[in-house]
Amino acid sequence: MNYTINLEIFEGPMDLLLHLIEKHELDIYDIPIYKITDQYLDYLEQMKKLDLEITSEFIVMAATLIEIKSKMLLPKVQKDIENEEIEDPREALIQKLVEYKRFKLAADELKQKEDLQQLVYYKPREEIELEQDGKQLILENVKLYDIYYAFSKIMDKYENTAKEEQPMRTIQKDEITIEEAMEKIKTLVREHGEKTFEELFEGYCSKTALIVTFLAVLELIKLSVIVIFQEENFGEISIKAV
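Draft legend 1. Looking closely at the nonpolar core. Residues Phe 197, Phe 201 and Leu 210 are the most contacted members of the largest nonpolar core, which totals 28 residues. Of all the elements in the fold, those that place two or more residues in this core are α5 (144-165), α6 (178-192), α7 (207-222), β5 (226-230) and β6 (237-241). Here the element with the most residues in this core is α7; it accounts for eight residues. What Leu 210 contacts, discounting residues up to four positions off in sequence, is Phe 151, Ile 154, Met 155, Tyr 158, Phe 201 and Tyr 204. Formed by 25 residues, the second largest nonpolar core is a distinct cluster that contains Leu 16, Leu 20, Tyr 40 and Tyr 43.

Draft legend 2. The packing of helix α2 (residues 33-49) against helix α3 (residues 56-73), seen in detail. Remark: α2 packs on α3, axes separated minimally by 10 Å, with the N-to-C direction vectors making an angle of 150 degrees. On the basis of the axis angle, α2 is roughly antiparallel to α3. With respect to the hand of their crossing, α2 and α3 are arranged in left-handed fashion. Contacts between α2 and α3 involve Ile 33, Tyr 34, Ile 36, Thr 37, Asp 38, Tyr 40, Leu 41 and Leu 44 from the former and Glu 57, Phe 58, Met 61, Ala 62, Leu 65, Ile 66, Ile 68, Lys 69, Met 72 and Leu 73 from the latter. Looking at the contact of α2 with α3 residue by residue, the class counts come to 14 nonpolar, one polar and three charged.

About the cut-offs
- Residues numbered from 1 in each chain as written.
- Predicted model: local features only at pLDDT ≥ 70, side-chain atom pairs only at ≥ 80, totals over all residues.
- Heavy atoms only, no water.
- Core = buried A, V, L, I, M, F, W, Y, C linked by side-chain atoms within 4.5 Å.
- Buried < 20%, exposed > 50% of the residue type's maximum accessible area, 1.4 Å probe, protein only.
- Helix = DSSP H or I, 4+ residues; strand = E, 2+ residues; numbered from the N terminus.
- Contact = heavy atoms within 4.5 Å.
- Axes fitted to C-alpha atoms, helices over the stretch in contact; angles between N-to-C directions.
- Parallel < 35°, antiparallel > 145°, perpendicular 65-115°, else oblique.
- Left-handed = near helix turned anticlockwise from the far one by under 90°.
- Nonpolar A, V, L, I, M, F, W, Y, C, P; charged D, E, K, R; others polar.

Take a look at the structure:
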C-alpha cells in the first residue's frame, strides 16, 4: 500500500524545534530532551527518504541535541560545595529557543499588518490652493484648522461662563450682522495695527454674536482685507490689516 509523507518547510533548526515543542504541547522551559531529540532525528530521517536536502544547520542542531541528551544521561557528580547548583545542559538551548520564539511572534505580527496594509488604498495627494476670485487667502504660519480650534476654545469658554451666570436658557435677539462685525474688525485693526484673535470677540455676550463675528473674520480673510498669522507654532493667533 502506497502512502505519502507530507513535511512542512521550516526556516531552520530552531523553527523545527519550536514546531515540535508546540505540536506536542511541551514546556519550553523544561524540554524533555529525550523525546524532542528522537522527534527531531525522526524528522531528519523522513527528509532523507524524500531526498530533501538537509543543510548543515540541521545537522549541527542534531549533534547538539545528542550531546545534551548524553550529558543528561550521565550520573550527577556530588558537589563538594553545599547548595551549589548543577548547570542544566539544556539552559543555552532554552534561552535561544525563547529568544527565537519572541522574534518569530513579532515577525508574524508584522506580517499580518503588512497583509492588512495591502488592502488599504490611498487617494493620491493633491495640492489644494485656498483661493477666492483669483486671490489667495493670506495665512501666515497658520492653518484654517488652527483658526477653527481657536474659535472652539472661545465657544467653550462662553458655554462655561453661561452655565455659571445663567441657570435658565434664554432666547436672545441677534445683536450684530456680518457686515457690522466686518466693519468693527476693520476699525480695530486700523486703529491698533493688530489684534489677537481672542480680542475680536470681547464684549459679546451671546453665542450668535460670537458666531457672526467668526464668520466676519473668515469673510475678511477671503476678501484679503486682513492677514491672520502666528509668530510661532501653537502660539497666539493675531490679526492685522493687509
